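Structure assessment
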Amino acid sequence: MVRNLLKADYSVTVYDIIATSMEEVAIDGATSSSSAREAASKSSVVITMVPDSADSEAAILGAGGVLEGCLAGSVIIDMSSIAPGTSKRIAESCEEKDVAFLDAPVSGGEPGAIAGSLAIMVGGKKEVFDAQYDLLSTMGGSIVLCGDYGAGNTTKLANQIIVAANIEAVAEALVLARKAGLDPSVVFNAIKGGLAGSTVLNAKAPMMIEGNFQPGFRIVLHQKDLHNAILTGKDLGVPLPITSLVQQMLGSLINEGKGNSDHSAIANFIEDMAGISISGD
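For the structure given in this document, a descriptive report is provided here. (Residues numbered from 1 in each chain as written. Predicted model: local features only at pLDDT ≥ 70, side-chain atom pairs only at ≥ 80, totals over all residues. Heavy atoms only, no water.)

1. Here we look at the packing of aromatic side chains
As enumerated under the stated definition, the model contains 2 aromatic pairs in all. Both rings, one in Phe-129 and one in Tyr-133, keep their centres 5.7 Å apart while their planes meet at 75 degrees; by these two values the pair is edge-to-face. With a gap of 4 residues between them, Phe-129 and Tyr-133 both fall in helix H8 (residues 126–137), about one helical turn apart. Judged by its relative accessible area of 7%, Phe-129 falls in the buried class. Assessed through its relative accessible area of 34%, Tyr-133 is described here as partly exposed. (Phe/Tyr/Trp six-rings, centres within 6.5 Å; stacked < 30°, edge-to-face > 60°. Helix = DSSP H or I, 4+ residues; strand = E, 2+ residues; numbered from the N terminus. Buried < 20%, exposed > 50% of the residue type's maximum accessible area, 1.4 Å probe, protein only.)

2. A closer look at helix H10 (residues 184–191)
All of the buried residues along H10 are Pro-184, Val-187 and Phe-188. Around the axis of H10, the buried residues are gathered within 100 degrees of arc, so they sit on the same side. Turned more than 90 degrees off the buried face of H10, the exposed positions are Val-186 and Ala-190. Here H10 starts with a cap whose side-chain oxygen sits 2.9 Å from the backbone nitrogen of Ser-185, and that cap is Asp-183. (Arc of directions from axis to C-beta. Polar contact = N/O pair within 3.5 Å; in protein donor to acceptor, adjacent residues only side chain to side chain.)

3. Some remarks on the layout of surface pockets
In this structure, the second largest pocket encloses a volume near 190 Å³. Considering the residues around the second largest pocket, the lining is formed by Ala-83, Pro-84, Gly-85, Lys-88, Thr-154, Asn-228, Leu-231, Thr-232, Lys-234, Asp-235 and Leu-236. Residue assignment for the lining of the second largest pocket shows that the elements contributing at least two residues are helix H6 (84–96) and helix H12 (219–236). The greatest single-element share of the lining of the second largest pocket, amounting to 6 residues, is contributed by H12. Classifying every residue of the lining of the second largest pocket by side-chain character gives 4 nonpolar, 4 polar and 3 charged. (1 Å grid on protein atoms, 1.4 Å probe; cavity = no way out; pocket = protein on both sides within 12 Å on 5 of 7 lines; lining within 4 Å. Points joined across faces, edges and corners; volume = space filled by probe spheres on them. Nonpolar A, V, L, I, M, F, W, Y, C, P; charged D, E, K, R; others polar.)

4. Brief notes about a nonpolar patch on the surface
Together, Tyr-15, Ile-17 and Ile-18 give the surface a local cluster of nonpolar side chains, amounting to about 330 Å² of exposed area. Within the secondary structure, Ile-17 sits in the loop between strand S1 (13–14) and helix H2 (19–26). Residue class for Ile-17 comes out exposed when judged on its relative accessible area of 76%. (Patch = residues over 30% accessible without salt bridge, like charges linked within 9 Å, V, L, I, M, F, W, Y side chains within 5 Å. Areas by Shrake-Rupley, 256 points an atom, 1.4 Å probe, with all protein chains shown as cover. Salt bridge = Lys/Arg side-chain N within 4 Å of Asp/Glu carboxyl O.)

5. Remarks on the pairing of strand S8 (residues 140–147)
Inspection of the sheet shows strand S7 (residues 118–124) paired to S8 by 6 bridges, in the parallel sense. Among the inter-strand pairings, Gly-123 is bridged to a residue of S8, identified as Gly-147. Of the crossover connections in this fold, the one passing from S7 over H8 to the parallel S8 is right-handed. (Pairing = 2+ DSSP bridges. Right-handed = clockwise from strand over helix to strand, strands pointing away.)

6. Side note on the side chain of Thr-243
Position of Thr-243 relative to the elements: it lies in helix H13 (residues 241–255). In this structure, Thr-243 is in contact with Ile-161, Leu-226, Ala-229 and Ile-230, ignoring residues within four places of it in sequence. (Contact = heavy atoms within 4.5 Å.)

7. Considering the nonpolar core
One broad trend across soluble globular proteins is that nonpolar side chains are buried collectively. Counting residues in hydrophobic clusters, the biggest one holds 26 residues, and the most contacted among them are Leu-174, Met-208 and Ile-278. For this core, the secondary structure elements donating two or more residues are helix H9 (151–179), helix H11 (199–210), H12, H13 and helix H14 (266–274). Ranked by the residues each element gives to this core, the list is headed by H9, at 7 residues. Residues contacting Met-208, with those up to four places away along its chain left out, are Ile-167, Val-170, Ala-171, Leu-174, Phe-213, Ser-264, Ala-267, Ile-278 and Ser-279. Leu-6, Val-12, Ala-113 and Phe-129 belong to the second-largest nonpolar core, a separate cluster that totals 23 residues. (Core = buried A, V, L, I, M, F, W, Y, C linked by side-chain atoms within 4.5 Å.)

This is the structure in structure tokens:
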């Protein structure tokens, strides 16, 4: 995402707690800094992207954080996938310091980040969204204002529910096919052009068939997203039974040491129960 900003001729100052991450993009022209506060002090627009709610609060609101370095009139775009309530709290703190805020989580994984084709789901004020649309367009192919503060992350949770349930269904289907003596590749090719066809099927079925679970999006992150969805559902009085079930599957895989595998490794959970491998290994 930083590289796509650089390609679009934006001047980018970066900070990460992992120094090697900064070094990787410094080679491409980004300027490294020593803290989130320093990076923010050098930019009128600050983008944050960290794993979860507590990380966003620490990076933006904590000591040495982004908000300490921002000047009045600056904009913070938090592209982390976090709980919507946290986005609202961060937005309130930003407004107190005359700093605009957008929550703008993404979907599309590493391939979408590299290609600049991410789906970006945004919450915040329309005038701020309109002013930052061109910048967001350098990283995304679909940029949609979903509502006020927190709406981006609520939309992301909806996205993650659908993706998780879809991956789990693909896993069940391919395990069934293999157990019945069919070639999962043939089954995949037979169904992908019908109603069962989806972006998830096209992306994840080949990985399951090959037994290749190198991460594009890690299990531990998807489990976190479903946890946030369940908590949000509880707050809103919305039962999420399938989401809860898949979240437990992911939790089991994390306990087996597979948390850094691609989320298509949900297939491993079904394979273990069925006593068979989709890949045939």
